[in-house]
Each structure stands twice: as structure tokens, then as C-alpha cells.
Amino acid sequence: MKHKDTEANLLTSGAESVITPYRKVLLAIACGLAVANIYYAHPLLDSIANDFHIHPSTIGMVITVTQVFYAVGLIFLVPLGDLINPRRLILSQMVLMCATLVVIGFSSSEIIFFFGIAVVGVLATITQTIVAYASTLSSPSERGSIVGFVTSGIVIGILLARTISGIIADLGGWRAVYFTSAVLMFLIAILLSQKLPNTTYKQSPLPYPKLLRSVLLLFAEEKILLIRGILALFIFAAFSTLWTSLVMPLSAPPHSLSHTIIGAFGIAGVAGAIAAAKAGQLADRGLGQRTTGIALLLLVSSWVFIDLLNYSLFALVIGIILLDLAIQAVHVTNQSFILALRPEARSRLTAAYMTFYSIGSALGSISSTTMYDKFGWDGVCLLGASFSIIALLFWMITRKSTE
């Protein structure tokens, strides 16, 4: 009891951190497992279409539905972390996610399947609630480091989801992917329920409707939020430009790689994501702006290597590492700045910031496939480099106003 009271006092004062290394790892794993549920379906679309007799032109809606409802969750669900106990919110979403994954695995019609996928999209926003929660558990001196570590779990989950999904599907079919995920989510929920501090929180005095409206007010009241949000829009447009279109040149001659091998390129991105977790430590030392500038230069240069795909797959791997390292570094630095603005509104700040992420991801996905169809891989790389250069120029213009 004394230990729990101490944790509650530390959390309230914000002077020290109550997030142990073990808790930090659990939160990162939880983020990775949760966000992966959005991306498991990517290599399974053919199998799902055959199972439900869905036309190939329609099955692509699976990706659209999850992204649209993820945005819905950002707007309506993540801000609840400022209204109710975030620990309770996280565990509740995890239990609901487990149940939904089981429903998807047993789905007997495309209606049930699409309904389940939509719910998964909404509940996957638990990742952002966890990031805000980790920030609350952290002391100011190590907030960037902890946010960076937990956020790296999200990136690793995104990058490895397709590979893991393909392997499990080859062994037991597409439904086994969702059953396996349900079991893993349930196990991590049990561990979190045992290890997360059961503390009391100061709740927002605003009723839920006003709480949602206050998210919009944050853009007007906090210049850093708006500037860093716009920066996130461009870097995630570049990120989505690469990963949405990469499968097309790699699966076509002269490479003609299998989906399993193509998915393995995500491992290169993981290396960059892990290294970029150090960006949070630099932000804690007051080097956030310098880190952002260096990372954006790396992002621009990465497209030189990525454009060599048809000449060297090794050069492509180098480009992927640089790109994911750069984007993760900027993303973690953004969050470090934003989450320090208003401790009582961290969930709303996260929701507002990640809205730009959704817009940027959608922009990159839509425009990259169009560019590849009309101008090939060179067109895709030109598009990605353009997003990256715009991000760099925008940072240079706004740098002084946010220091």
C-alpha cells in the first residue's frame, strides 16, 4: 500500500518517473500488437476475397475502412484519456479488441468481417492513449526518451505486421492471424493489469462534448502543436508513399519477389526505428530542433538510395533504414515537444497531432499509386522526395517561432 501511495504522489508531482523498465517494455509491446491489427490484412486480401466471394476491386476497401475508422477513434476515443482514468481506458479497449478479433476470426459473412475491421480501426487508437499515458508516468527529464521507446513499438508493429501475417496465414489460413492476435492481446492485457500503477488522476472538468470541441481550440492556442502537426503530415506522407507502392516494383520483373520476401524489407525499417528511439533522449537534452533538422536532411537523402531500386536492392535497404530512422526521429521529437505543453490535456494533444498523421498517410497512399501508374518508380521517388523537401523547408521557416 505504501508503494502504491508513493507512486501516486510521484505521478501527481511529475518530479520523478514511476515507469519502470519492465513497464516501459510492456507498453511498447502493447502498442506494437495493437497497431499491427490494422495492417495484418494487407497480404491477406486475396484469401479474404476468395473466402467471402468478394470482387477484387472491392476487397481493397478493407484498408480504407480501417484507416477511416482509425481517424474516427482519434477524434472521439483518444480524448477520453483526459476525462477518465487512462489505465482503465487502455485495459477496456484491449478487452474489446480481443473480443472483436475473435469475431473477425469466426466471421461467416463479409458484413460481419467489415464490421469487425471497422471496430478494430477505432480500438487501435489505444496506441495513442498509451503514448500519452507513458508521458504522464514519466518525469520531465526522461519524457522524450520514454515516449521514443514506446513509440518505437508502434513503428515496429506497423513494419512487421505484414511479414508475421503472411507467415501465420501460410501455416493456418487468414483466420488464424486474428485468433493469434486475440490471444496475444489478451496476454498483454493481463500483464498490464498486474503491472501498471493503479493511481488516481485529476480528471478534466469538461463534459465530453466540450472536451471534443476543446481539441480544435488547441490548434489556435498552441502554435507548436499546429507547426509540428503540419510537419508530421509531410513526413508521414513520405512514409506512406514508400510503403504503399513498394510492393509493385518488387513483385514485377526483373525482381518478381514473393510477398513474404517483400514483407521482409520491413525488417530494414525496424533497424531505423530502433535507432531513432535515441531521438527522445536528445530532445530531453534540449537538442530537439537540431535533431529535427538532421533527421529531415537524412529523409531527403534517403530517396536517392530508394530510387536505385531497379539497380541495387542493397541501396534500397540503405534508403529504407535512413527513411524510417529520419521519420521516427522527427515523430518522437514532435511528441516530446507537444506532450510537454499541457499535462492535463495530453490525450487531446495526442489526438490533435495524430490527425495530421492520418491525413498525411492517406495523402501519400493515394498519390503514390497514381504516380506509379503514370510515371513508374522514378515518379514515386520524386513524389516522396518532394514531401520530404517541403517538410525540411517548412521546418526551416518555422524553426525560430518554436524555439
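Fair warning: this is a prediction, and the values are worked out from it, not measured in the lab.

Q: Explanation requested: helix α10 (residues 174-195) in the structure shown.
A: Along an α-helix, residues three or four apart share an orientation, since each turn contains 3.6 residues. For α10, spanning 22 residues, the distance from its first C-alpha to its last is 32 Å, which sits close to the expected 32 Å at 1.5 Å a residue. Taken as a whole, α10 has its buried residues at W174, A176, V177, Y178, S181, A182, M185, I188, A189 and L192.

Q: Just to check I follow, could you spell out the pattern of salt bridges for this structure?
A: Opposite charge on two side chains lets them pair, provided their charged atoms get close. Following the criterion strictly, the structure yields 4 salt bridges and no others. With a shortest N-O distance of 2.8 Å, R348 and D82 are connected by a salt bridge. With R348 in helix α19 (residues 346-402) and D82 in the loop between α5 (61-76) and α6 (86-106), this residue pair connects regions lying 266 residues apart in the sequence. Accessibility expressed as a relative area gives 7% for R348, which makes it buried. D82 sits in the buried class, given a relative accessible area of 6%. Across the pair E222 and R342 runs a salt bridge, and its minimum N-O distance is 2.9 Å. Taken together, the residues span a long stretch of sequence, with E222 in the loop between α11 (208-221) and α12 (223-245) and R342 in the loop between α18 (313-339) and α19 at a distance of 120 residues. Connected through shared salt-bridge partners, E221, E222 and R342 make up one network.

Q: Sorry, what's going on with the environment of W243 here?
A: In this fold, W243 is placed in helix α12. Considering only alpha carbons, one finds W243 and S365, 122 residues apart in sequence, at a separation of 8.3 Å. Setting aside anything within four residues of it in sequence, one finds W243 in contact with L159, F265, G266, I320, L323 and D324.

Q: Is there a simple way to think about the packing of helix α8 (residues 126-137) against helix α9 (residues 143-172) in this case?
A: Axis angle and axis distance: for two packed helices, these are the angle between their axes and the distance between the axes, and together they describe the pair. In contact at an axis separation of 9 Å, α8 and α9 are set at 160° when each is read in the N-to-C sense. The orientation of α8 with respect to α9, classified from their angle, is roughly antiparallel. Pair α8 / α9 crosses with right-handed handedness. Along the contact surface, α8 presents T127, Q128, I130, V131, A134 and S135, while α9 presents R143, I146, V147, V150, T151 and I154. For the contact of α8 with α9, a count of residues per class yields 7 nonpolar, 4 polar and 1 charged.

Q: For this particular structure, what's the right way to read the side chain of S336?
A: Along the chain, the position of S336 falls in helix α18. Contacts of S336, omitting those with residues within four sequence positions, involve G144, A283 and D284.

Q: Which parts of the structure should I look at to understand the packing of aromatic side chains?
A: What characterises a pair of aromatic rings is the spacing of the ring centres plus the angle enclosed by the ring planes. Summed over all chains, the structure comprises 11 aromatic pairs. Ring centres of F113 and F114 lie 5.8 Å apart, and the angle between their planes is 80°; this geometry places the pair in the edge-to-face category. Accessibility assignment for this pair places F113 and F114 in one class, buried. Cluster of aromatic residues (ring-pair linked, three or more members): F52, F113, F114, W174 and Y178. Over the face of the ring belonging to F149 we find K24, whose NZ or CZ atom lies 4.8 Å from the ring centre.

Q: Even after reading the chapter, I still don't get the confidence of the model for the protein, so can you show me in this structure?
A: It should be kept in mind that the predicted coordinates are not to be read in detail where pLDDT is low. Per-residue confidence for the protein gives a mean pLDDT of 85, with 91% of residues at or over 70. Here helix α1 (residues 2-13) stands out as the element of the protein with the lowest mean pLDDT, 44, in contrast to α10, whose mean of 96 is the highest. Note that pLDDT drops below 50 for residues 1-15; the model gives that stretch 16 contacts with residues more than four away or on any other chain.

How each quantity is defined
Residues numbered from 1 in each chain as written. Predicted model: local features only at pLDDT ≥ 70, side-chain atom pairs only at ≥ 80, totals over all residues. Heavy atoms only, no water. Helix = DSSP H or I, 4+ residues; strand = E, 2+ residues; numbered from the N terminus. Expected span 1.5 Å × (residues − 1). Buried < 20%, exposed > 50% of the residue type's maximum accessible area, 1.4 Å probe, protein only. Salt bridge = Lys/Arg side-chain N within 4 Å of Asp/Glu carboxyl O. Contact = heavy atoms within 4.5 Å. Axes fitted to C-alpha atoms, helices over the stretch in contact; angles between N-to-C directions. Parallel < 35°, antiparallel > 145°, perpendicular 65-115°, else oblique. Left-handed = near helix turned anticlockwise from the far one by under 90°. Nonpolar A, V, L, I, M, F, W, Y, C, P; charged D, E, K, R; others polar. Phe/Tyr/Trp six-rings, centres within 6.5 Å; stacked < 30°, edge-to-face > 60°. Lys NZ or Arg CZ within 6 Å of the ring centre and 35° of its normal. pLDDT = per-residue confidence, 0-100.

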